[in-house]
Amino acid sequence: MLNFIRKPFGYEPILTKEDLKKSTKKKVEKASDWKGVLSRIWKLVDEQRFLLIIVLLLVVVSSALSLLGPYMIGIIIDKYITQSVFVGLAKMIGLLVIVYVFLSISLYMQSYWMIGIAQQTIYRLRTGLFEHLQKLPVSFFDKRQHGELMSRMTNDIENVSQTLNSSFIQVFSSVLTLVGTTVVMLLLSPLLTAVTLTIVPFMYFAMRWITKRTSKLFKEQQQAVGDLNGMIEETISGQRIVKAFSQESRMLEEFTVKSERLKRTGFWALTYSGFIPKVMNLLNNTSFALVAAVGGVLAYKGSVTIGEIVIFTEYARQFTRPLNDLANQFNTVLSAIAGAERVFSIMDEPAEVDAANENKDYQLKGNVTFEHVTFRYNKEDETPTIQDVSFHVEAGKIVALVGATGAGKTTIMQLLARFYEVNEGTILIDGIPMENLPRFTLRSQTAFVLQDPFLFEMTVKENIRYGKLNATDEQLIDAAKQANAHDFIMKLPDGYDTILSADGGEISQGQKQLLSIARALVADPAILLLDEATSSIDTVTELKIQEALEYLMEGRTSFVIAHRLNTVRKADLVFVMEQGKLIEAGSQKDLLEKQGTYYKMLTNSKI
Amino acid sequence: MKTVFSFLSPYKWLVVTALFFMLIELSVELIQPLLIKIIIDDGIVAGDQQTILFWGSIMLGLSLLAFIAGIINTFIASHAVQSYGFDIRQALFKKVQSFTMATFIKFPTASLITRLTNDVTMTQNVIFMGLRIMLRAPLIVVGSIIMAFFVQPYLALFLVISAPFLVIFLYIMSRKGMTLFGKVQRSVDRVTRKIQENLQAVRLIKAYLRGNYESNRFSTVAATLKTDNVKAFRIMEFILPVLLFVMNVSLMAVLWFGAKEMQTGDVQIGELVAIVNYAMRMTGAFSMFSFIIIFFSRAKASADRMEEVLLEEDGIEEIDGNSHITAPNSGEIEFRHVSFHYPTTDIPVLKDVSFTIKSGSKLAIMGATGSGKSTLLNLIPRFFDATKGEILVDGVNVKEWQLMELRKVIGLVPQQSILFTGSIEENLRFGDSTVDGELLKEAAKQAQIHHSIEQFPDQYNTRVGQKGVNLSGGQKQRLSIARALVRKPTILLLDDSTSALDVSTENALWQALEDEKSTMLVITQKIRTAKGADQILLLEEGKVSAYGTHAQLLESSSLYKEIAKSQQEGDDYVELHS
């Protein structure tokens, strides 16, 4: 048992003296422009500003009342109880009861309103950020990891929320109480005040000693946590592979190493940060003892009354508590401001530029022209993904894009949906440069079936309806039938009302593609973009939906990427892509007669 | 809750010691008002400076004692908590690893991850608090009352009167708080899921112009979260003012009756001051309650979630304990009247499937989307067990083989390629870390990925990002094939794993796999691939619709003919047109 208790002291230290020397400054990440951040939060508070001012007034009231309470008790003891004066004692106590009634009411009302204000503000911040995310270009999402964006949407906002909820009032009232107590104490007895204040420098140095260590340790702990979480996520989402390769025990070993590291850094981080309240207690108790002893001697000499000692012991507590709170809240508030700044920085990301509304109601015919289009995903990329591509497609034609993986087929599609802006050249729709066409006009008349079918966590019906929000149930079912999805949908537990889970585990990859085709069918677009829309569908089912696809493509300009010949065969035009260039274009017949790349691909069955 | 906290029991001595040191701290705090009383009554009032200084320095000494106790408590508590966290993480991870796939799919992936990460931290925090503060608040209340009785029983009565009322009040509030915060947590989860979904589907949402629609849907969940939060926090914030008020009123009563009693001389002024001091300490302790309740209710939700995993009794894989120790070596596979449905539904996925594959031969599995092809493959490494019939490997029922030994001889390439963070080499070595470099390269060459790897800046040391974000779909598939080949598997299972490859690469791949001696089961959509197989199994709605060679099936199966027709080869096509 003794060993057991000795164990915690046996952790090897993980911070060296050198480590500490390096980190003298910058405890918490600071917002570079906290004034700007605060003024933006102030803007979000919006019409509740008036209420917020009332809350602040209430904080002033409650801080004053909580100072008044002990003061009055001191007076009651000195003037009435020790003097045995009963006239007016009842009145004083009655007065004190009134003070406490108002204290409770003002405390409750301030938090009641503050919670409302805070949550409403957070609601605005959250929805504002979400709305802005919808407006950002696709390239924004390419550059950032989901995890990072998720953490801004959740952790950072949660931090701001907590700060607004409680820290805001706490900081404000701490400052008020601190100032108030000091003033009252000075008025009562400068000497005892000096005694009480002796703890402040100790507190400062102790806190500095601790935070210097914890800031480093917390960072290290954060890394250990991130490392472990990453591993957990990967193992769990790749469970099938772990099992198939019988790697459970190795995974457990790796996990143990990472988990042990977290235990070690966690131990030190927790221990050092756990010192803070203990130091606070020590200072609290010491100042209490000092006030009692020094106050006692002074009272003995007659320069201080017993009531004043009572007031001071209580004030000494009231004095260290806000200091403690401030120290605690300081980091919270700073990191919340930093978090808010990160959130705002996303909201400052330029939204997708959009054309003026002049062509708003334009009905697309579907003529598509590329004029010397060059495109790079990153401006620094040396070789462009699309290099000087020019072509013209008449409305209503079907174009098949063929070429090896990485030739730029999908990119052409993405440019047509205007997920990205071209670097050089222009894309014209019906002779109108794409940038003069509002996104709404373009996309509302374009349907895109993506390589990776994505389904939302809602009912099958709602997922299909995504293509056209005002579609009737009949239209949905028709589309599902055409896409050959109806039969399997009917076999799901609740048919069209089955809620698909986030992982979409209930249905196969091919079935997901069928649903996303049904979704496109419902949309009824002028331009249709099919990016490997049927790659996971078996050819028999594909044959069955071929009819639907043909029907869908009829009269619409369609761009199709497919590896399968029978899909390509239906095309009016074939574009052969190679390393970002359009190397051959023309009708099937022309290309075959030309005996060029396409011909070679066909004869080697390389499509 | 119980199971989770039982993980603390190996550390019960630590817990006891930590609590002991906390009690020392607490006693010091509780003695202080008593000492004040002595200083006032025996020192100031009696006019004895010696007494004042003596007890004053005792108080200082006690503060130091409390501090030392507090520091020791911190060490011990944090050791206990970290050890607990380590143990429970280990237990959870082990448990999850031992789940059968049938159990595994019962839990959504995201929720399993939360259980292993945030939930553990949440309970750790509560235990740490518990060892240091949480018990402190109630103990201060009880201790203050006891001490008050010790100092002046009559006045102490006024502190006690309010106690039952406050306890009931706190009980009701905490019940309410628990439910409300449970609700908040669910709303938070919904908001998180919504965001996640949106990040994944950026292109789709943009393509269909659903930005506003999504914003509206998000506003609804965000609004629910707002209302839930407001409700929960407002209830919590109600606690403090009420507690303060009740305590302060009792304090007034103490003053009033104390003053009366002092007249008769039954109560000393120092005693009165001490009682007032105790009352104020109680008030301070009570104000911590709402905080504790919030914390505790969150921890309870976490503990319950972890418990679901820990208490999962069924569906644990038996890693060993079966009779056949040696690994299967011929790779002959037989399905005998196999039927299967997933544990979550009654809808059969496979119905009475029978076939045999000779050692070293190649079976192509074809069939419509959702006809049960992938499920069939999953039954061989026993991710799921057949509901009816039996599956034999080397003439032995798969259930008889030792699971590890069975899986060791299988190379699986799933439909969606799953890669792990680490270098390409580490990924290829995933199945066997001892494989030598030559073999690795050989497998990579077979999988047609060697050339691509050579072109990466760091070649085989190139880092694979999380889930392989920095690789194209085709590269991921080929790596995942190479990974399976590295094991030199007796049985190779390919689940439509060439869909992202262009035709020439795919042809080269199949050519390279020709020399493989393993028994191969290949799910494919392509007649061209099927043609190269020794046997073809055509599934239709979970039943075997046709079984035989390409030539046989062209004769006998109309469905197969239809598929073949839909995929006429390029050569025929060129003839048609020229």
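It should be emphasised that the depicted structure is a prediction, and the values quoted were computed from it without experimental measurement. (Residues numbered from 1 in each chain as written. Chains lettered and ligands numbered in written order. Predicted model: local features only at pLDDT ≥ 70, side-chain atom pairs only at ≥ 80, totals over all residues.)

A. Geometry of the overall build of chain B. Helix and strand counts for chain B come out as 23 helices and 12 strands. Taking 578 residues into account, the globule formula puts the C-alpha radius of gyration at 25 Å, and chain B, at 36 Å, lies well above it. In terms of overall dimensions, chain B has C-alpha extents of about 120 × 50 × 50 Å along its principal axes. Within chain B, the fraction of its 578 residues that count as buried is 48%. A fraction of 78% describes how many contacts in chain B between residues 6 or more apart in sequence connect residues 24 or more apart. (Helix = DSSP H or I, 4+ residues; strand = E, 2+ residues; numbered from the N terminus. Rg over C-alpha atoms; globule rule 2.2 N^0.38 Å. Buried ≥ 20, exposed ≤ 12 C-beta atoms within 10 Å, placed from the backbone. Contact = placed C-beta atoms within 7 Å.)

B. Expanded view of the interface of chain A and chain B. Contact with chain A, which involves 140 residues of that partner, is made by 143 residues of chain B. In terms of residue count, helix H11 (residues 248–301) of chain A provides more of the side of chain A that touches chain B than any other element does, 27 residues in total. In terms of residue class, the side of chain A that touches chain B is made up of 70 nonpolar, 48 polar and 22 charged. (Nonpolar A, V, L, I, M, F, W, Y, C, P; charged D, E, K, R; others polar.)

C. Spatial organisation of the nonpolar core. Of all hydrophobic cores here, the largest spans 184 residues; its most connected members are Val 291 and Ala 292 of chain A together with Ile 275, Val 276 and Ala 279 of chain B. The element best represented in this core is H11 of chain A, accounting for 23 residues. Counting residues in each nonpolar core, the second largest holds 80 residues, with Val 389, Leu 416, Leu 529 and Phe 559 of chain A among its members. (Core = buried A, V, L, I, M, F, W, Y, C linked by C-beta atoms within 7 Å.)

D. Seen up close, unusual backbone geometry. In the Ramachandran plot, Arg 418 of chain A falls in the positive-phi region, its phi being about 55 degrees despite a non-glycine side chain. When you line up the elements, Arg 418 of chain A lands in the loop between helix H13 (409–416) and strand E4 (424–429). Phi at His 337 of chain B takes a positive value of approximately 45 degrees, unusual for a residue other than glycine. Tracing the backbone through its elements, the reader meets His 337 of chain B in strand E1 (residues 333–341).

E. Seen up close, the sheet that holds strand E6 (residues 410–413) of chain B. All names here are of chain B. Across the sheet, which stays open at both edges, the 6 strands sit in the order E6-E9-E10-E3-E11-E12 with mixed pairing between neighbours. Here the strands that pair on one side only, and so sit at the sheet edges, are E6 and strand E12 (543–548). Geometrically, the sheet is characterised by an average inter-axis angle of 15 degrees between neighbouring strands, direction not taken into account. Bridge count for E6 against strand E9 (residues 491–495) is 4 bridges, and the pairing is parallel. Bridge pairing links Gly 411 to Leu 492 in E9. (Pairing = 2+ DSSP bridges. Axes fitted to C-alpha atoms, helices over the stretch in contact; angles between N-to-C directions.)

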